[in-house]
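Chain residues, written in single-letter form:
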Amino acid sequence: MLYSPERSSLASTDPTGSAHAGKIFPAGVISGKRHTLHGVKDENGSSMGRVYKTISRLSISPRRVYQGRALPALLLCGIASLCATTAHAQSAAKWDKRGQDAEARQDFDAAYEDYHNAVLKKPKDLRFLEHFQKMRYQAAVAHVDRGRVLRQNGDIQGAMAQFNRALQIDSGNQAAEQEINQIQREQQVERDNTPQAKEQMSRQNETLSTLGSIAGPVELKPVSNDPITLHMVEDVKVIYEAIGKAAGLNVLFDPDYSSKRIPVDLTNVTLSDALRIVGTISGTFYKAITPNTIFVATNSRTKRTDLDEQAVQTFYLTNASQQNDANEVVIAIRNLLDPSVKIYLVPSQNAIVMRATPDQLLLAQKLLNDLDRARPEVVVDVAVLEVNKNVEHNLGITLPQSITLTPQANPNTTSSSSSSSSGTGTGTGTGTTSNFTLNTLAHLNANNFAVGITGGTLNALLTDADTRVLQNPSIRATDGQRATMKIGEKIPVATGSYNAGVSTGVASIGVQTQFTYLDIGVNIDMTPTVHYDREVTLKMKIEVLSQVTTVNISGVNEPVIGQRTSEQVITLKDGEPSLLAGIITKNDALNIAGTPGIGELPFFKYFFTSRDKINDKQEIVFIIIPHIVRESVLTRANVRPIDTGTGQSIELRRDASANDSDSEPIYPNKPHTPASPTSAANAASTMVQQLSQQAAPVAPPANYVPGAQTPATQPPATPQAATQTPAVQTPATPTVGGPPVSFTVVPPDSNQPVGSTFQVAVMLGNGRDVFSVPLQLQFNPALLQLVNVDAGDFLGKDGQAVSLVHREDNGLVAISSIRPPNTAGVSGTGSLCTLTFKAIAPGDSTLSLVKVGALNSAQANLPAVGSQATVHVK
């Protein structure tokens, strides 16, 4: 097929192209060779290099076709053919992928077409349909925005094209339709020169002109703002006139005012200050009538009421999400201003309308700027971790537990048999007779007894069940507003029953059972309070409910609900993790089965008894971390005092000098927000590691005697010497060389009285890329009581949030500190943590690091050594 310029169509030719070459294409024939377009450009001056591949696929000589002026139309046909072939070959998934790429480039038109093609391929696929619907809206909005810009620039035709394109994409776009209607009305008004149209436009213009002509309160504009110096003892009117001449103002007096002589001594004061000073001395006040005229009258309540100008202003609230918030603002303004001020709340518009003096309106504006503030918001990251640890050891030998003896008449049989008597009995009853005879009983021996012995058993069973349930929801709440989250399911619970037939008289209705539904799963009820120092107070209740089993009550199976609840009010810093709950239950059981007597001997009990040891732990951990995502910045302009005049009237003073410090926040030192903040899930993972470390029993130090007030071994004489004692226990062989990381216990220097509270620091030295630190510290619980464990400044010295969790069990406290994931470790020396103890009994208690360890950012073990120290309680 060849293109004919005369007929604007394709004409047939033979495969060689020689039959009609001279008639249809004087300089263009089909060729099997490929040619390169060197320096060839189209009529617009654009390079033809991009269309070369299309021409070569059609096997057309570019040079000869271009000379025959058939190239443009033929290129269009070839490109359209290739696009149709490509579009037909593309799958719906590829079209969708192309649409996603175009959407990422913000090419909404191309994305819309690609998603449309994907929907045409698979119209029943909801994924492609959802992408198409979303992009249809975005593409239409983009055209509306372009049209509005063109309309503002005066390009009405281009704006109409954009609005029409938006309607083609999304026929339900009301914004595009409104813009088109507005343009059409304006064009119609321009074309319509009828008297009615002119009259309507005249009325609208007159209304707008009238509204625009309404002036605001009069502002005094003196001719001169030079400082005023005045020293005289004259009549008040003379003094006012002197000040007016100096500033270029006209001064009028109330006819009822009686003037008097007053002394005035002013040096380099402004006009407003001079008028205020003279008014205070003379008991007068002034009001601006025009920008260069003031009116002076006696300062009394009556004159103030008669002469003070009233203005109306509408204030729109921007942060009042509820009507109660707007009511609080209105009440505050009404109580601070004069009772005669008219103030109304319009809830539908979220606006306040006031009629008052200009100074009162300005004061109301100041109060609105201070009170109408955005509420802070906080996201609380919650991790609920439940660990069920069940370990069972069943080991031993069980000998036969019972022996049975069965008499038998015939030693050759394994059991006695009975047969019915064949004779006629003389007794009154009939029954079976024994095989034993008197002769058999007379010659009874051991062969007439069958012995049955139960078999022995060898038990060797180890059961280790570890169940972990981790739920990590996040809930966002506004300051002071309650937020709830329920994750789980509802189960029905029968609460009662009644017989409807008794009330209706129809016995066939039967008994009707009433049900209620319980929320099973994780239930979070939280009310945050965000403070201006970036601390968050959380009043929260976390419940973990689960159906344990069912119980039958009066023929109805009722569920038995297991609950884990934590309800408290705590205050945390932004990003600070908090452990809300610890261990719930711990059961240890030992079952012994064996042969009496010999099974109780010290050595033989392992061969003649079976021991079944069960350790069952059920732990529940709630970890929360608040993150402030929106805060209300409090500046100094919000809290600085302002002069409002006397108690008789509100009169504000203006200060022309601007103070830049008023815009500075009151709490400028914001904490550094880490790039990868600690999450509750990471803290929960750390807790799991800690629990797994505590699963294996740790041997106490050799010099520790439970319940004793003094250790078995004499401690060092001074705490300084105690810190140099080598560690009692070190972790496994590390994988990283170099000098070991040292852990030093630093107790207080002086003796501690009973009942006092003191702190013990754990210092870390020789740190190299330290990422996490697990350790265990042993102390005497009869002498000391652990109060709290706080994180030190070593792991968080670069501003990162450090997750620290601890747990204490009978004098053994396990501490785990970890930095946020995907962050480097810390090197150097510093405080790792601080332990707060309470002295409860006199004596000397050893603080021993029984297990120490450190991991770098690559999760490789670092060599570590610990120490021990002694605390003296008197």
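Thresholds, definitions, all that
Residues numbered from 1 in each chain as written. Predicted model: local features only at pLDDT ≥ 70, side-chain atom pairs only at ≥ 80, totals over all residues. Heavy atoms only, no water. Pairing = 2+ DSSP bridges. Helix = DSSP H or I, 4+ residues; strand = E, 2+ residues; numbered from the N terminus. Axes fitted to C-alpha atoms, helices over the stretch in contact; angles between N-to-C directions. Contact = heavy atoms within 4.5 Å. pLDDT = per-residue confidence, 0-100. Core = buried A, V, L, I, M, F, W, Y, C linked by side-chain atoms within 4.5 Å. Buried < 20%, exposed > 50% of the residue type's maximum accessible area, 1.4 Å probe, protein only. Patch = residues over 30% accessible without salt bridge, like charges linked within 9 Å, V, L, I, M, F, W, Y side chains within 5 Å. Areas by Shrake-Rupley, 256 points an atom, 1.4 Å probe, with all protein chains shown as cover. Salt bridge = Lys/Arg side-chain N within 4 Å of Asp/Glu carboxyl O.

S.K.: Looking at this model, I keep getting lost on the sheet that holds strand E7 (residues 293–298). Mind explaining?
M.R.: Strands pair in a sheet through their backbones, by hydrogen bonds, and they do so in one of two ways: parallel or antiparallel. Here we have 3 strands laid out as an open sheet, ordered E4-E7-E6, and mixed in their pairing. If you trace the sheet from one side to the other, it starts and ends with strand E4 (250–253) and strand E6 (284–290), each paired once. Ignoring strand direction, the axes of neighbouring strands in this sheet form an average angle of 30 degrees. With 4 bridges joining them, E4 and E7 adopt parallel strand pairing. Note that in E7 the partner of Val-251 across the bridge is Ile-294. In this fold helix H11 (residues 236–247) packs onto E4, E6 and E7, with an angle of close to 155 degrees to the strand it touches most, E4.

S.K.: What's the story with the sheet that holds strand E9 (residues 342–346) in this structure? I'm lost.
M.R.: Taken together, the 3 strands give an open sheet; going across it, the order is E8-E10-E9, and neighbouring strands pair in antiparallel fashion. The open sheet has two edge strands with one neighbour each: strand E8 (311–316) and E9. If you compare each strand with its neighbour and ignore which way they point, the axes differ by 15 degrees on average. Two elements, E8 and strand E10 (residues 351–356), share 6 bridges in a ladder whose sense is antiparallel. Residue pairing across strands places Ala-311 opposite Ala-356, the latter belonging to E10.

S.K.: Looking at this structure, I do not really get the confidence of the model for the protein. What am I missing?
M.R.: Per-residue confidence for the protein averages 74 on the pLDDT scale, and 71% of its residues sit at or above 70. A low-confidence stretch, residues 414–433 stays under pLDDT 50, and its non-local contacts, those more than four residues away or across chains, total 12 contacts. Here residues 668–676 scores under 50 on pLDDT; set against residues more than four positions off or in separate chains, the count is 14 contacts.

S.K.: Explanation requested: the nonpolar core in the structure shown.
M.R.: One recurring pattern in soluble globular proteins: nonpolar side chains tend to sit buried together. Counting residues in hydrophobic clusters, the biggest one holds 38 residues, and the most contacted among them are Phe-743, Leu-775, Leu-777, Leu-835, Phe-837 and Leu-847. When residues of this core are traced back to their parent elements, those giving at least two are strand E25 (741–746), strand E26 (757–778), strand E27 (784–791), strand E29 (812–818), strand E30 (826–839), strand E31 (843–852) and strand E35 (868–873). Here this core gets 8 residues from one element, more than from any other, and that element is E26.

S.K.: Which parts of the structure should I look at to understand the pairing of E6?
M.R.: Regular strands place side chains that alternate from one sheet face to the opposite one. Summarising the sheet, E6 and E7 pair through 6 bridges and their orientation is antiparallel. What sits directly across from Ala-288, in E7, is Ile-294.

S.K.: What's the story with a nonpolar patch on the surface in this structure? I'm lost.
M.R.: Residues Ile-403, Leu-405, Leu-444, Phe-449, Val-451 and Ile-453 make up a contiguous nonpolar surface patch of roughly 610 Å² in combined accessible area. Elements supplying a minimum of two residues to the nonpolar patch: strand E12 (403–407) and strand E15 (449–453). Considering each element in turn, the nonpolar patch owes the most residues, 3 residues, to E15. Residue classification places Ile-403 among the exposed positions, given a relative accessible area of 60%.

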